[in-house]
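Chain and residue survey
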Amino acid sequence: MSETLHGACLCGQVTFDVHEPGAMGFCHCTRCQRWSGGPGLPEVEVDEANFEVTAGQELIRHFTEEGFSGVGFCSSCGSSLYAFGDGKYYVSAGTLRGLEREPEYHMMVAYKAPWDVISGDAPQFPESPPAA
Ligand SMILES: [Zn+2]
Ligand SMILES: [Zn+2]
């Protein structure tokens, strides 16, 4: 079944489509905490070829650091849009409208903030989930 999710940043100038979305995982790592300003981020995985920016490409800036996934954000409003690496995008779930899913797993739980209380029955992995 073909599915397309529609995303937008806070100011609305950047919009994007996510075709054939994959798993949704919640990353609790220190980097995601800083990037999101919260407990980390639930992210929907998608193949590079299935991620399509439909407006505001010129506003998107990337932050990259050797050895880590890069991240993309809106330079107008600062919204955390996606992480990327290894031919995939990991789209921030909060930017996707009408998303009716729950995280399928939690990762980097060993690094979660002390005040971050994880709910639900999804499996929790101390670091990365085991390779599929
Ligand atoms: Zn924006
Ligand atoms: Zn993370």
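This text goes with the structure placed above it.
Right, let's talk about the overall build of the chain for a bit. Per the secondary structure count, the chain includes 1 helix and 10 strands. The linear arrangement of helices and strands in the chain, starting from the amino end, is β-β-β-α-β-β-β-β-β-β-β. Over its C-alpha trace the chain gives a radius of gyration of 14 Å, about what one expects of a compact globule, namely 14 Å for 132 residues. Here the C-alpha coordinates of the chain stretch approximately 35 × 35 × 25 Å along the principal axes. Within the chain, buried positions represent 31% of all 132 residues.

Further remarks concern the nonpolar core. Counting residues in hydrophobic clusters, the biggest one holds 20 residues, and the most contacted among them are V18, V44 and V91. Within the residue set of this core, elements represented by two or more residues are strand 2 (15-19), strand 4 (41-47), strand 7 (70-74), strand 8 (80-85) and strand 9 (88-92). For V91, the contacting residues outside a window of four places in its chain are G7, V18, E43, V44, V46, Y82 and L96. One finds C27, C32, L41 and M108 within the second-largest nonpolar core, a separate group that totals 6 residues.

This brings us to the pairing of strand 8. Across 4 bridges, strand 7 lies against strand 8 in antiparallel orientation. Its bridge partner being in strand 8, V71 is matched across the sheet by A83. Taking the residues between adjacent antiparallel strands as the criterion, strand 7 and strand 8 are bridged by 5 residues, where G78 takes a positive phi near 85°.

With that settled, the discussion passes to the sheet that holds strand 5 (residues 51-55). Read across the sheet, 3 strands follow the order 1-2-5 without closing on themselves; strand pairing throughout is antiparallel. This sheet does not close on itself; its edge strands, each paired only once, are strand 1 (4-8) and strand 5. Across this sheet, the average inter-strand angle for adjacent strands is 25°, counted without regard to direction.

The strand order across the open sheet built from 7 strands is 6-7-8-9-4-3-10, with neighbouring strands paired in mixed fashion. The open sheet is flanked by strand 6 (60-63) and strand 10 (105-107), the only strands paired with a single partner. Ignoring which end each strand starts from, the neighbouring axes of this sheet average 30° apart. Two strands pair when backbone bridges link them, and strand 6 and strand 7 are joined in this way by 4 bridges, in the antiparallel orientation. Pairing of H62 across the sheet is with G72, part of strand 7.

Mapped onto the elements of the fold, A49 is located in the loop between strand 4 and strand 5. Among the residues examined, A49 registers 10 C-beta atoms within 10 Å and is labelled exposed. Measuring from C-alpha to C-alpha, the distance between A49 and V18 comes to 9.6 Å, with 31 residues separating the pair along the chain.

Among the 5 residues of strand 7, 4 are classified as buried, and the element is accordingly described as predominantly covered. Linkage of strand 6 to strand 7, two consecutive antiparallel strands, is achieved through a turn of 6 residues, within which G67 is found at a positive phi near 90°.

Once that is clear, we can look at unusual backbone geometry. Excluding glycine, a negative phi dihedral is what most residues carry, and trans is how most peptide bonds are arranged. We note that D86 has phi near 55°; this positive angle belongs to a residue other than glycine. If you trace the backbone, D86 turns up in the loop between strand 8 and strand 9. Taking the number of C-beta atoms within 10 Å as the measure of exposure, D86 has 6 and is therefore exposed.

Quick notes on the rules
Residues numbered from 1 in each chain as written. Chains lettered and ligands numbered in written order. Predicted model: local features only at pLDDT ≥ 70, side-chain atom pairs only at ≥ 80, totals over all residues. Helix = DSSP H or I, 4+ residues; strand = E, 2+ residues; numbered from the N terminus. Rg over C-alpha atoms; globule rule 2.2 N^0.38 Å. Buried ≥ 20, exposed ≤ 12 C-beta atoms within 10 Å, placed from the backbone. Core = buried A, V, L, I, M, F, W, Y, C linked by C-beta atoms within 7 Å. Contact = placed C-beta atoms within 7 Å. Pairing = 2+ DSSP bridges. Axes fitted to C-alpha atoms, helices over the stretch in contact; angles between N-to-C directions.

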